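Remarks on the overall topology
Here is what each chain is made of, one letter per residue.
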Amino acid sequence: MSTEQTAVNVTITETAQDYLADLLTKQDDVMGIRVFITQPGTPKAETCIAYCREGDMTDSDEVRDYPKFKAFFEGRSIPFLDDAFIDYSKDRMGGQLTIKAPNARLPRVDANSPLEDQVNYVLYNEVNPSLAAHGGEVSLQELTDDNFAILKFGGGCQGCGMVDVTLKEGVEKTLIEKVPGLAGVKDTTDHSNTENAYFK
């Protein structure tokens, strides 16, 4: 089985190309497919293939011409798509398109990666394993223009009276140490809701 390799190191097999090309012929106003990852670098990362229409692309997309269609790879997702493999196999029910992206949840993050990706990487690989011992977790809600990370605490951290200490002494210290471009962290969690709180 022959495959096509993109500069972003994504393999789309010939059978997958034929299947995708067939789908595209049944659509109006499509320019090709767009490959991207939602919530990249987190345990909730999902690899997606969507129809690409006018206005869906961004300047950072990487475009690859395949024999029967164009593929647009979202710029922000490229580090997480490294070594991704897209295949299509026929079965009794018709067939199935499969996408394997081994780096979707654990990207190759470095100092040149977007600040958001660096923060997520540290949260999910260093901060959350520590908080998990107390039934807690923390996630990045947004990154402000002045490079403050807005965090949301959940699980046992929500409603915990020690969360300010955890935030300042633990999470913020770790993030600033590991992500040099970060200005600081802020907490959006409503700690008056103690329904799922864990008290030691």
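No experiment lies behind these values; they were computed from the predicted model shown.

1. Re the overall build of the chain
Tallying secondary structure elements over the chain gives 3 helices and 11 strands in all. Scanning the chain from its N terminus toward the C terminus, one meets helices and strands in the order β-β-α-β-β-β-β-β-β-α-β-β-α-β. For the chain, buried positions account for 39% of its 200 residues. Relative to all contacts within the chain whose residues are 6 or more apart in sequence, the contacts with residues 24 or more apart total 54%. Carbon together with sulfur atoms contributes 47% to the accessible area of the chain, which is approximately 11,300 Å² in total.

2. Some points on unusual backbone geometry
Positioned with a positive phi, aspartate 29 is a non-glycine residue whose angle comes to about 60°. Considering the arrangement of structural elements, one finds aspartate 29 in the loop between helix H1 (14–25) and strand S3 (30–38). Taking relative accessible area as the criterion, aspartate 29 reaches 68% and is therefore assigned exposed. Of note, the phi angle at asparagine 147 is positive, near 65°, even though the residue is not glycine. The topology assignment puts asparagine 147 in the loop between strand S9 (136–143) and strand S10 (148–155). On the basis of relative accessibility, which here comes to 30%, the residue asparagine 147 falls in the partly exposed class.

Definitions and limits used
Residues numbered from 1 in each chain as written. Predicted model: local features only at pLDDT ≥ 70, side-chain atom pairs only at ≥ 80, totals over all residues. Heavy atoms only, no water. Helix = DSSP H or I, 4+ residues; strand = E, 2+ residues; numbered from the N terminus. Buried < 20%, exposed > 50% of the residue type's maximum accessible area, 1.4 Å probe, protein only. Contact = heavy atoms within 4.5 Å. Areas by Shrake-Rupley, 256 points an atom, 1.4 Å probe, with all protein chains shown as cover.

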